[in-house]
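# Residue-level structural notes
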Amino acid sequence: MISSDDARWQSVFPLRAVGYGLLVLAAFDIINIFYPANFTNHQWEFGVFGEMVERVPVPLIGLALIFLGRAYGRNIWEKRLVLFLSWISLLVGILFLLLIPFGFNSFQRIENQVTTTVDQQVTRRTTRAAQIEEQIEGATADQLEIFAARLNQQGRTIVGGSQEDLRTQIIAELDTATRRADRQSKRTVEAQLLTLRKNFMKWAVGALVSCILFIYIWFTTGWARRGLKRR
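For clarity, every value in this text was computed on a predicted model and none was experimentally measured. (Residues numbered from 1 in each chain as written. Predicted model: local features only at pLDDT ≥ 70, side-chain atom pairs only at ≥ 80, totals over all residues. Heavy atoms only, no water.)

## Looking at the packing of aromatic side chains
Quick reminder of the rule: Stacked, edge-to-face and tilted are the three classes for Phe, Tyr and Trp ring pairs, Trp counted by its six-membered ring, which pair at centre distances within 6.5 Å; planes under 30 degrees apart are stacked, over 60 edge-to-face, the rest tilted. Strands are runs of DSSP state E lasting at least 2 residues, helices are runs of H or I lasting at least 4, and numbering of each runs from the N terminus. Three exposure classes are used, based on accessible area relative to the maximum for each residue type with a 1.4 Å probe and protein chains only: buried under 20%, partly exposed in between, and exposed over 50%.
Within the structure shown, the criterion is met by 13 aromatic pairs. On the numbers, 5.6 Å between centres and 50° between planes, the contact of F104 with F200 is tilted. Placement of the pair is F104 in helix α5 (residues 76-137) and F200 in helix α7 (residues 163-220), with a sequence separation of 96 residues. For F200, a relative accessible area of 9% puts it in the buried group.

## Observations regarding the nonpolar core
Stated precisely, the cut-off is as follows: Residues grouped as a nonpolar core are buried Ala, Val, Leu, Ile, Met, Phe, Trp, Tyr and Cys residues, joined through side-chain atoms within 4.5 Å. Here, residues are in contact when the closest pair of their heavy atoms is within 4.5 Å.
F46, F49, F67 and F96 are the most contacted members of the largest nonpolar core, which has 33 residues in total. Mapped by element, the contributors of at least two residues to this core are α3 (42-54), α4 (57-66), α5, α7 and α8 (222-230). Excluding residues that lie within four positions of it along the chain, F96 makes contacts with M52, V53, V56, A207, S210, C211 and F214. By size, the runner-up hydrophobic cluster in this structure holds five residues, among which are I132, I136, L166 and I170.

## Considering a nonpolar patch on the surface
To keep things clear, this is the line we draw: Only residues above 30% relative accessible area that lack a salt bridge enter a patch, with like-charged residues linked at up to 9 Å and the nonpolar side chains Val, Leu, Ile, Met, Phe, Trp and Tyr linked at up to 5 Å. For the accessible areas, the method is Shrake-Rupley and the probe is 1.4 Å, while residue cover comes only from the protein chains on display. Just to be clear on terms, a salt bridge is a Lys or Arg side-chain nitrogen sitting within 4 Å of an Asp or Glu carboxyl oxygen.
A grouping of V24, F28, I31 and Y35 is seen on the molecular surface, where their side chains present a nonpolar patch of about 490 Å² in accessible area. Position of V24 among the secondary structure elements: in helix α2 (residues 12-34). Residue class for V24 comes out partly exposed when judged on its relative accessible area of 44%.

## Digging into the packing of α3 against α5
Threshold: Whenever a helix is involved, its axis is fitted only over the stretch in contact; in every case the axis is a line through C-alpha atoms, and angles between N-to-C directions fall within 0 to 180 degrees. Helix crossings fall into two classes, left-handed where the near helix is turned counterclockwise from the far one by less than a right angle and right-handed where it is turned clockwise. Any residue outside Ala, Val, Leu, Ile, Met, Phe, Trp, Tyr, Cys, Pro, Asp, Glu, Lys and Arg is labelled polar, Gly included; the first ten of those are nonpolar and the last four are charged.
Between α3 and α5, whose axes approach to 9 Å, the crossing angle comes to 145°. Both α3 and α5 take part in a crossing whose hand is left-handed. Residue-level contacts link H42, Q43, E45, F46, F49, M52 and V53 of α3 to L95, F96, L99, I100, F102, G103, S106, F107, R109, I110 and Q113 of α5. Split into classes, the residues belonging to the contact of α3 with α5 amount to eleven nonpolar, five polar and two charged.

The analysis is restricted to geometry; functional conclusions fall outside its scope.
This is the structure:
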């Protein structure tokens, strides 16, 4: 005859099995995150930081289920396993703490890379605009007509007039187009950097919370570490 207490405690066995299963799935997830590794790519590093944080609920739930019932019904091998998992919880907690500066370093490098890229684009456009303006300054009337026709085909409005009027209009239109392209580039990069900062803040907070939870699991599973030592 199984007592009500025994029946209640035995109900933790399937939950522990689910916990082990979740840890196995989490292990496959981690392998998938790191393969293929590309530690020289800051985008990849930042992605790893985010994916590690995004997937943390599965191993946390798995560990919580495994440690249910403390030492009840565990054989010597499982006691050794939960001892190992208790220490792993501490190590993973420290790992998540270290992920924060790792993610920050990748975030800064990507931010600098994006800013440098847009600055280079602006510089190239400015240089190109100066070269075209120089060509227009020395262009003949026929060449100016060709420039004007090309701009009108692109949807610009060059109304014609004297040679100097035409020259002035073309230069003004090219200058306007260059400034417009520069503003668009800066708006695009600002949106990218805002998304980057928001993701970093979200993942940094997630990594800190994960660190606290894993270390808390280690702290509350002292029974797993003490139990085996007494043997």
